[in-house]
Amino acid sequence: QGPRSMDLLAALIDGPFPEPWNYFDMAEVTMSGEPLIITRTGFSNELGWEFYLRPENSAEKIGEKIMDIGKKFEISLTGTPVFRARRIEAGLLSAGVDFDNSTTPFDAGLENFVDMEKENFIGKKALIKARKQKIIWGLKVKGGIARKGLVLGKNGENIGNVTSCTWSPYLKCGVGIIRVKNIHFRPGMEINVEGVDGKSHNAILSHTPMYDQDGLIVRGKD
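Owing to the predicted nature of the structure, the values given are computational and were not obtained by experimental measurement. (Residues numbered from 1 in each chain as written. Predicted model: local features only at pLDDT ≥ 70, side-chain atom pairs only at ≥ 80, totals over all residues. Heavy atoms only, no water.)

**Some thoughts on the overall build of the chain**
Scanning the chain for helices and strands turns up four helices and nine strands. Reading the chain from its N end, one meets helices and strands in the order α-β-β-β-α-α-α-β-β-β-β-β-β. If one aligns the C-alpha atoms of the chain with their principal axes, the spans along those axes are about 65 × 50 × 30 Å. For the chain, buried positions account for 40% of its 222 residues. Partitioning the contacts of the chain with sequence separation of at least 6, the portion at a separation of at least 24 is 54%. Of the accessible surface of the chain, which amounts to about 13200 Å², a share of 53% is contributed by carbon and sulfur atoms. Charge centroids of the chain, computed over 29 positive and 28 negative side chains, lie 7 Å from each other. (Helix = DSSP H or I, 4+ residues; strand = E, 2+ residues; numbered from the N terminus. Buried < 20%, exposed > 50% of the residue type's maximum accessible area, 1.4 Å probe, protein only. Contact = heavy atoms within 4.5 Å. Areas by Shrake-Rupley, 256 points an atom, 1.4 Å probe, with all protein chains shown as cover. Lys, Arg positive; Asp, Glu negative; His and termini not counted. Charge placed at Lys NZ, Arg CZ, Asp CG, Glu CD.)

Structure (structure tokens):
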């Protein structure tokens, strides 16, 4: 993942670069003689690609080559705290964390992936009755990181739950994902949240992605 990820891929594969190779494409390439599945995806909303290992692949051989060739591109290993900030800023939701079997695609703003005109599919009857408004938003916290869990308003009203949170070095504030209880809680609304430091912090509901609204980074245009 990152602005030089495609240059690294070109240096790694044995044959020609995948064509076409658009966002969310999948291809089979060869690295060190091993057929390997790759996708132009990533849980960071950066320009990048992921590789998928099959039983016949040597994880060690492929991994060592990626890191060896990657030295020329200043590659660095990162852990989940690094990409957690980017995926929250981008509004990439984590299954079982930001949404679960109690939420619908409408709740998460994924209505474009649901064809209600289709004759029948599992869950259609429930979705017909479900509310059609989004209730999962981004959260920006001034001067701190929100604590995950219940958020109460000044009058004790249950606003919702912070499901993901971290610090954003780029935005210089805490960022999070919040699942609100009421469809009237929308971006631009100011609330107070409890921070991981035990203090109260001002926060504001926000749209996602929190920046790069046109998706230029992930497409390599910025």
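**Remarks on unusual backbone geometry**
Residue Glu 19 is joined to Pro 20 through a cis peptide bond whose omega torsion reads 0 degrees. Along the chain, the position of Pro 20 falls in the loop between helix H1 (5–12) and strand S1 (26–31). Despite not being glycine, Ser 32 has its phi angle at roughly 50 degrees, a positive value. Along the polypeptide, Ser 32 turns up in the loop between S1 and strand S2 (34–39). The exposure class of Ser 32 is partly exposed, given its relative accessible area of 30%.

**Looking at the layout of surface pockets**
Space inside the largest pocket adds up to approximately 900 Å³. Around the largest pocket, the lining comprises 26 residues; the ones closest to its centre are Gln 1, Gly 2, Ile 75, Ser 76 and Thr 78. Only H1, strand S3 (50–52), helix H2 (59–70) and helix H3 (80–90) provide two or more residues apiece to the lining of the largest pocket. By residue class, the composition of the lining of the second largest pocket is 15 nonpolar, ten polar and five charged. (1 Å grid on protein atoms, 1.4 Å probe; cavity = no way out; pocket = protein on both sides within 12 Å on 5 of 7 lines; lining within 4 Å. Points joined across faces, edges and corners; volume = space filled by probe spheres on them. Nonpolar A, V, L, I, M, F, W, Y, C, P; charged D, E, K, R; others polar.)

**Things to note about the nonpolar core**
In this structure, Leu 139, Ile 178, Ile 191 and Val 193 are the most contacted members of the largest nonpolar core, which totals 24 residues. Those elements that place two or more of their residues in this core are strand S4 (136–141), strand S6 (158–168), strand S7 (173–180), strand S8 (190–194) and strand S9 (200–206). When residues of this core are assigned to their parent elements, the largest contribution, five residues, is made by S7. Those residues in contact with Ile 178 that sit more than four places away from it in its chain are Ile 135, Ile 136, Trp 137, Gly 138, Leu 139, Val 151, Ile 159, Asn 161, Val 162, Thr 163, Ile 191 and Leu 205. Counting residues in hydrophobic clusters, the runner-up holds 17 residues, among them Leu 8, Val 29, Ile 38 and Trp 49. (Core = buried A, V, L, I, M, F, W, Y, C linked by side-chain atoms within 4.5 Å.)

**Re the packing of H1 against H2**
Two elements in contact, H1 and H2, have axes separated by 10 Å at closest approach and are oriented at 120 degrees. For the element pair H1 / H2, the angle class is oblique. Regarding H1 and H2, the two cross each other, and that crossing is right-handed. Across the interface between the two elements, Leu 8, Ala 11 and Leu 12 from H1 touch Lys 65, Ile 66, Ile 69 and Gly 70 from H2. Partitioning the contact of H1 with H2 into residue classes produces five nonpolar, one polar and one charged. (Axes fitted to C-alpha atoms, helices over the stretch in contact; angles between N-to-C directions. Parallel < 35°, antiparallel > 145°, perpendicular 65-115°, else oblique. Left-handed = near helix turned anticlockwise from the far one by under 90°.)

**Focus: the packing of aromatic side chains**
How two aromatic rings sit relative to each other is given by the distance of their centres and the angle of their planes. Inspection of every chain in the model, using the stated rule, returns four aromatic pairs. Ring centres of Tyr 23 and Phe 24 lie 4.9 Å apart, and the angle between their planes is 90 degrees; on these two criteria the pair is classed as edge-to-face. Tyr 23 gets classed as partly exposed once you look at its relative accessible area, which sits at 26%. (Phe/Tyr/Trp six-rings, centres within 6.5 Å; stacked < 30°, edge-to-face > 60°.)

**What to know about the sheet that holds S2**
The three strands are arranged S1-S2-S3 in an open sheet whose pairing can be described as antiparallel. Each edge of the open sheet is held by one strand with a lone partner, namely S1 and S3. Direction aside, the axes of adjacent strands within the sheet are offset by 40 degrees on average. One ladder, built from three bridges, connects S2 with S3; its direction is antiparallel. Within S3, the residue paired with Ile 37 across the bridge is Tyr 52. Across the sheet, H2 lies against S1, S2 and S3, angled at about 65 degrees from S2, the strand it touches most. (Pairing = 2+ DSSP bridges.)

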